[in-house]
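For reference, the chains in residue letters:
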Amino acid sequence: MTTATATVPAPAPDARRFLRRARRRSAALGLLAWAAGLAFCLPALWMLLTSLHAESDAATNPPSLFAPLTLDGYRAFFGADTGVTPWPPLLNSLGASFFSTLLVLLLALPAAYALSIRRVRKWTDVMFFFLSTKMLPVVAGLLPVYLFAKNAGLLDNIWLLVLLYTSMNLPIAVWMMQSFLADVPVSVIEAAQVDGARLPTVLARVVAPMAAPGIAATALICFIFSWNELLFARVLTGVVAQTAPVFLTGFVTSQGLFLAQLCAASVVVSLPVLAAGYAAQDKLVQGLSLGAVK
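Numbers given for residues are sequential positions, taken from 1 along each chain in its written order. Totals for whole chains, interfaces and linings use every residue, but because this is a predicted model, local features are given only for residues with pLDDT of at least 70 and side-chain atom pairs only at 80 or more, for both listing and counting. Side-chain measures here rest on the full set of heavy atoms in the structure, leaving out hydrogens and waters.

Chemist: Can you explain the packing of helix H4 (residues 87-116) against helix H10 (residues 212-228)? Please cite residues and give values.
Modeler: Two numbers describe how H4 lies on H10: the axes approach to 9 Å, and their chain directions differ by 140°. Our classification of the angle between H4 and H10 gives oblique. Crossing geometry of H4 relative to H10 is assigned as right-handed. On the side of H4, the interface is formed by Leu90, Ser93, Leu94, Ser97, Phe98, Ser100, Thr101, Val104, Leu105 and Leu109, while H10 contributes Ile215, Thr218, Ala219, Cys222, Phe223, Ser226 and Trp227. For the contact of H4 with H10, the residue count by class is eleven nonpolar, six polar and no charged. Each axis is a line fitted through C-alpha atoms, taken for helices only over the stretch in contact, and angles between the N-to-C directions span 0 to 180 degrees. Secondary structure elements are taken from DSSP: a helix is a run of H or I of four residues or more, a strand is a run of E of two residues or more, and numbering for both begins at the N terminus. Oblique is the label for any angle not covered by the other classes, which are roughly parallel (under 35 degrees), roughly antiparallel (over 145) and roughly perpendicular (65 to 115). Here a crossing is taken to be left-handed if its near helix is turned anticlockwise relative to the far helix by less than a right angle, and right-handed if that turn runs clockwise. The contact rule is simple, with two residues in contact once any of their heavy atoms fall within 4.5 Å. Classes in brief: Ala, Val, Leu, Ile, Met, Phe, Trp, Tyr, Cys and Pro nonpolar; Asp, Glu, Lys and Arg charged; the others, Gly included, polar.

Chemist: Talk me through the nonpolar core; I want residue IDs and the actual numbers.
Modeler: Nonpolar cores were defined as sets of buried Ala, Val, Leu, Ile, Met, Phe, Trp, Tyr and Cys residues, with membership established by side-chain atoms within 4.5 Å. Here's how the labels work: a residue is buried when its accessible area is under 20% of the maximum for its type, exposed when over 50%, partly exposed in between, all with a 1.4 Å probe on protein chains only. In this structure, Leu109, Leu181, Ile189 and Val207 are the most contacted members of the largest nonpolar core, which totals 27 residues. Residue assignment for this core shows that the elements contributing at least two residues are H4, helix H5 (123-132), helix H7 (158-181), helix H8 (186-194), helix H9 (199-210) and H10. For this core, the element with the highest residue contribution is H4, accounting for seven residues. The contacts of Leu181, once residues within four sequence positions are left out, are Leu109, Ala112, Tyr113, Ser116, Ile117, Val207 and Ala211. In terms of nonpolar packing, the next biggest core, distinct from the first, is built from 16 residues, Phe247, Leu248, Phe251 and Val268 among them.

Chemist: Which residues make up H7, and what values do they have?
Modeler: When the terminal C-alpha atoms of H7 are compared, their 32 Å separation across 24 residues agrees well with the 34 Å that a helix rising 1.5 Å per residue should span. Bend angle per residue: angle between axes fitted to the 7 residues ending at that residue and the 7 residues starting there. Where H7 bends most, the angle comes to about 40°, and this point is Leu170, followed within four residues by the proline Pro171. As used in this structure description, the phrase polar contact means that two N or O atoms lie within 3.5 Å; if the pair is within protein, one of them must be able to donate a hydrogen and the other to accept it, and residues adjacent in sequence are counted only when both atoms belong to side chains. If you check the start of H7, you find a side-chain oxygen 2.9 Å away from the backbone N of Trp159, and it comes from Asn157. The length a helix should cover is 1.5 Å for every residue beyond the first.

Chemist: Report on a positive patch on the surface, specifying residues and quantitative values.
Modeler: Surface patches are defined over residues having more than 30% relative accessible area and no salt bridge, joining like charges when they lie within 9 Å and nonpolar side chains (Val, Leu, Ile, Met, Phe, Trp, Tyr) when within 5 Å. Here the Shrake-Rupley method, with its probe set to 1.4 Å, supplies the accessible areas, and only the displayed protein chains count as covering residues. For this document, the term salt bridge refers to a Lys or Arg side-chain nitrogen within 4 Å of an Asp or Glu carboxyl oxygen. Charge counting follows a simple rule: Lys and Arg are positive, Asp and Glu are negative, and His as well as the terminal groups are ignored. For this purpose, a charge sits on NZ of Lys, CZ of Arg, CG of Asp or CD of Glu. Residues Arg16, Arg20, Arg21, Arg23, Arg24 and Arg25 make up a contiguous surface patch of positive charge. Within the element layout of this structure, Arg16 appears in helix H1 (residues 13-51).

Chemist: Break down the side chain of Thr50 for me, with residues and values.
Modeler: Secondary-structure assignment places Thr50 in helix H1. Judged by relative accessible area, Thr50 falls into the buried class, the value being 8%. Beyond its immediate stretch of four places on either side in the chain, Thr50 contacts Ala58, Leu259, Ala260 and Cys263.

Chemist: Residues and numbers for the packing of aromatic side chains, please.
Modeler: Ring geometry is summarised as follows: Phe, Tyr and Trp rings, the Trp one being its six-membered ring, pair when their centres sit within 6.5 Å, and such pairs are stacked at plane angles under 30 degrees, edge-to-face over 60 and tilted between the two. Taken as a whole and assessed by the stated rule, the structure comprises six aromatic pairs. With 5.0 Å between their ring centres and 80° between their planes, Phe77 and Phe78 make a pair best called edge-to-face. Residue class for Phe78 comes out partly exposed when judged on its relative accessible area of 35%. Seen in terms of ring centroids, Phe99 and Trp159 are 5.5 Å apart; in terms of plane orientation they differ by 50°. Their pairing is tilted. You can see Phe99 sitting in helix H4 and its partner Trp159 sitting in helix H7, a full 60 residues away along the chain.

In structure tokens:
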């Protein structure tokens, strides 16, 4: 007894050409993506390499790519020569960014709930008002804020920066969280309310866990904006509440630009943001892509 074996027909010539073109196109797109990624990371990698060079090698033109590596720039940043420590500015930036982000989330969550799930009347006008507050140039509000801080005795006070960063980041946080909370099923919230849950319980135990990726993305963006803010911190702080970006400007002096020290300081100041982004990368990707695919 013989058994017949099925034979798979060979692809047609047109199909083979199509597959080859598809593979070449995929390879070309892959190479293009790698090139774009390397080009995006090149400035940061160059800054890291420059921070590991001596000042004489960092100041050469063209740059000395294969110059000897040293940690002198980092030693100078941490005050090995001058005794000036960067820890107070770093802690000030960390405190102002953390507490302002926490306040933004506490205020933006109920506001976004009222604008997305239990929508108030004319909620689109409210959203436009939040957006319009970001249209004012920061420089236009600098003098009034300075005069208020001076008369209130709040100059060189870290809590003034916390309030400013909260007010600056709140509109964008409400806009982001409104879009995230719009995807929360209303039936789940109604079921919790039927079980007797009040609004604070609904927000903390129902809405917040379901919108965790969006909340994480919002928190990270607000933290980065607060950490990088320079203008208000430069004008409103002095010694006690000086932040890390203001401390960085001290490396540009009348004696010249200490490029290796500046790059070393920039690397150290960038590390908290990079660490926060790496820790929340999963939630960040989920939050930024939430609602993109239906």
